[in-house]
Amino acid sequence: MWRTIVDDRLKIFLDAKLNADVSRRRFLQGAAGLSTLTVLGAGTQAHAADGKLGGELNFLGWDGEHGGNVAKPFLEANNIKMNASFQSAADEALTRLNTGGRGAMDILTPNKDFQSAILKAGTELFQPLDLGRIPTASGLFPAFKDAPWLVRDGKTYGIPIIWGDEPCVYNPKKWDAMPAKYTDFADPKFKGELVLLDDPFGNIWLWATSLEMPEPSRLTAAQLEQVLEAMLKVKPNVVTIGASHGDMADVLVRGDASIGVGGWAYQVMIAKEKGVELVVGSPSVDGTFYWSDAYAIAVDAPNLDNAYGFIDFMTKPESNAALAAELASGCTVEAAYALMPEDIRSMFPYDNVRKPGGGILGTQIVVPPQEPDGDIVGAPSWVEAWQTFKAS
Amino acid sequence: MLPAGIFYVVFFAIPMLCLLGLSFWRAKGFELIPDFTLENYHKIFTSPLYRALMLRTIGVAFATALIVVPIAFAIAYIMRFVFERRGQLILQIILLSLFSGYLVRIYAWRTILGKQGLLNSTLQWLGIIEEPLEFLIYSNIAVVITLSGLLLPLAVLPLYSAMLNVSRDYIEAARDLGAGKLHTLRTVLVPMVIPGLRTAFAFAFLLSAGDFVTPALVGGSQSMLIGNIIADQFRGIGSNWPLGAGMAFVVVAVMLLAYLSVMRLIRWATRW
């Protein structure tokens, strides 16, 4: 989820064209065979499609989550032509909806915090799901069944597909472990060693957590200033701010920095492909935050039957495991866990998602309110604080 | 002229007008609210952050143009007057560099300038330095070097084109009349290629000022330019399109002003 909040316009370019050797796409190509084989074991008929399948299916979401390899058997078996386009920012679907795209989108893949913000704001974008048409959703991990960030007024607006966290990723030849707190990165011994992700919310939230703010996602102007001051103490140690997770990985692989803050476990695999060893490990006291992406259906989706059929198919254990493996993320379906490759499965702390009610994913709110709420500043103030940090 | 005019109106004037109109709107949460407020412009002109970034951007753009234009001029001169027969071949080679992707070229510069990059490794191998020169990457210097490398081919083209219209006879006549090389250059050649110089400068200066990818990839933690801030306003949660639109217009105005000032300076300099 968080990897998707940042400038993914760059990520798409970088992953697709530049970092060919270290890209998710390349990794996906390698995993494609495995995925296809795995999914061939799954039935290709959608269980809950009350309507007739066939025709078109319009996808607008993060690259890879359309299941180019995974969904292929289902699409072919049901004569569905998928029109996939990929968003470059979390709010792109909303932009498209408001600029003539209404009635032209079926499947969307919002991340947890964007979808939560949209539902809280009452902004029209997603339609409530008829869970009776997605019976495979009953196999989700407890944390993802009726996940609070996907529910409004008792109605569910999304089916989680992948999840993960944003740990520190570092070079074990230089560091034995990460410090206990993010504020410890201000120590001069980290000079020239850090790369951060260009993510205002993730970074400010981490440092607010480190400063033990009572509600790290709800800061007053004074608290935000305090967080910014703490972050600026770390700034001299920051080599660069990665435009995307792919870019961060590139900086680490080249040896231009040795610690990525707000990283992605997948970067370890990227580095391994390039013959560089990186390991994952967050500050022991502060920890990190979690993300999840979900399948949702846009309001006025023109191909509703196909959309339900697609989601139902992709939520089968085999499909979910294959997609999660392709995207080097955590799976959301309980029975998919056993089907995941061990190296990817071991990257994520599954104990969290076995807890009902959303677990840490449900209670952890990273994104601030969109608009000021009394003394609490809104998201634009966080963006401005982050820009001040970057420009300083 | 009519098709070009229609193209200009449809693909430039109308979008720009829409953007201008948007700059007077407001953003609230995920919604854009039609309005006519000067709030965005007030914020842009009173924010020390935006002012500082604007100055940094102008500085980087000028530095890039000051490197690119003279080098492009020299290359164009060599192509036109020194290796006249090979001019077209050199031109093809220069054009060939444009065939590689923009981002690929930025990454190539990262490979050259990195801590363990080609340049540092070579200097260390030669024993000239013991530790890598860290200012070569993730700095304003890296941004200027990379932008110069990216924009040099674009700047050569208009200069070479302008020089093709300059007959060698003028140069030789000036020399026959006793003008030195520099004097000939300043009083004969430069005034005759002013349109090419203007375009080359515009390419180098304006494209640098508007770039946000290069600073993001090689600029490091302290080299963000105004383009990066504008881009931030158009994406994700917390974005503010009207503010971004206002910033874009202010940048266009400031850069045009700077560009016109330099053009005036060049005209003044070539009178003497």
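In the block above lies the structure referred to throughout.
Reading guide: rules and limits
- In this convention, every chain numbers its residues from 1, walking through the sequence in written order.
- Following the order in which they are written, the chains are lettered starting with A and the ligands numbered starting with 1.
- The predicted origin of the model limits local features to residues at a pLDDT of at least 70 and limits the giving and counting of side-chain atom pairs to 80 or more, whereas totals for whole chains, interfaces and linings rest on all residues.
- Helix and strand assignments follow DSSP, with helices taken as H or I runs no shorter than four residues and strands as E runs no shorter than two, numbered in order from the N terminus.
- Here exposure depends only on C-beta density: within 10 Å of a residue's C-beta, 20 or more other C-beta atoms make it buried, 12 or fewer make it exposed, and intermediate numbers make it partly exposed, the C-beta atoms being placed from the backbone.
- By the convention adopted here, residues are in contact when the distance between their C-beta atoms, placed from the backbone, does not exceed 7 Å.
- Three residue categories are used. Nonpolar comprises Ala, Val, Leu, Ile, Met, Phe, Trp, Tyr, Cys and Pro, charged comprises Asp, Glu, Lys and Arg, and polar comprises the others, including Gly.
- Strand pairing is defined by DSSP finding a minimum of two bridges between the two strands.
- With strands facing away from the observer, any crossover in which the path from the first strand over the helix to the second runs clockwise is taken as right-handed.
- Only buried Ala, Val, Leu, Ile, Met, Phe, Trp, Tyr and Cys residues enter a nonpolar core, and they are joined through C-beta atoms within 7 Å.
- Segment limits for the domains were obtained from an automatic or database-derived domain assignment.

1. Observations regarding the overall build of chain B
- Helix and strand counts for chain B stand at 13 helices and two strands.
- Oriented by its inertia axes, the alpha-carbon framework of chain B measures out at about 70 × 60 × 35 Å.
- Sorting the 272 residues of chain B into buried and exposed places 38% on the buried side.
- Counting only contacts in chain B whose residues sit at least 6 apart along the sequence, the fraction spanning at least 24 positions is 71%.

2. Quick word on the overall build of chain A
- Counting secondary structure elements, chain A contains 15 helices and 13 strands.
- Relative to its 392 residues, chain A shows a buried fraction of 60%.
- At a minimum sequence separation of 6, the contacts of chain A that also span at least 24 residues come to 79%.

3. What about the interface of chain B and chain A?
- Facing 30 residues of chain B, the contacting portion of chain A comprises 40 residues.
- Elements supplying a minimum of two residues to the side of chain B that touches chain A: helix H3 (48-82), helix H5 (102-113), helix H11 (213-218) and helix H12 (226-232) of chain B.
- Within the side of chain B that touches chain A, the residues separate by chemical class into 15 nonpolar, 10 polar and five charged.

4. Quick look at the pairing of strand S2 (residues 80-86) of chain A
Residues and elements named next belong to chain A.
- Across seven bridges, strand S1 (residues 55-61) lies against S2 in parallel orientation. Across the sheet, Leu60 pairs through a bridge with Ser85, a residue of S2.
- On the question of chirality, the crossover connecting S1 to the parallel S2 by way of helix H4 (residues 72-77) is right-handed.

5. Quick look at helix H12 (residues 317-326) of chain A
- The element H12 of chain A is largely enclosed, with a buried count of 10 among its 10 residues.
- Phi turns positive one or two residues past the end of H12 of chain A, at Ala328 of chain A, with a value near 50°.

6. Things to note about the nonpolar core
- Core analysis: the biggest nonpolar cluster contains 187 residues, and Leu194 and Leu252 of chain A together with Val69, Ala72, Ala155, Leu159 and Ala204 of chain B have the highest contact counts within it.
- Top element by residues in this core is H3 of chain B. It accounts for 14 residues.
- When we break this core down by domain, the ones giving at least three residues each are domain 1 (2-164 + 291-354) and domain 2 (167-288 + 368-391) of chain A.
- Filtering out sequence-adjacent residues up to four positions away, Leu194 of chain A remains in contact with Phe185, Asn237, Val238, Val239, Ala257, Ile259 and Val261 of chain A.

7. Focus on the environment of Ala204 of chain B
All names here are of chain B.
- Mapped onto the elements, Ala204 comes out in helix H10 (residues 194-210).
- Considered as a pair, Ala204 and Ile67 are 137 residues apart in the sequence and their alpha carbons are 9.1 Å apart.
- When residues no more than four places from it in sequence are discounted, the contact partners of Ala204 are Thr64, Ala65, Val68, Val69, Leu151 and Ala155.

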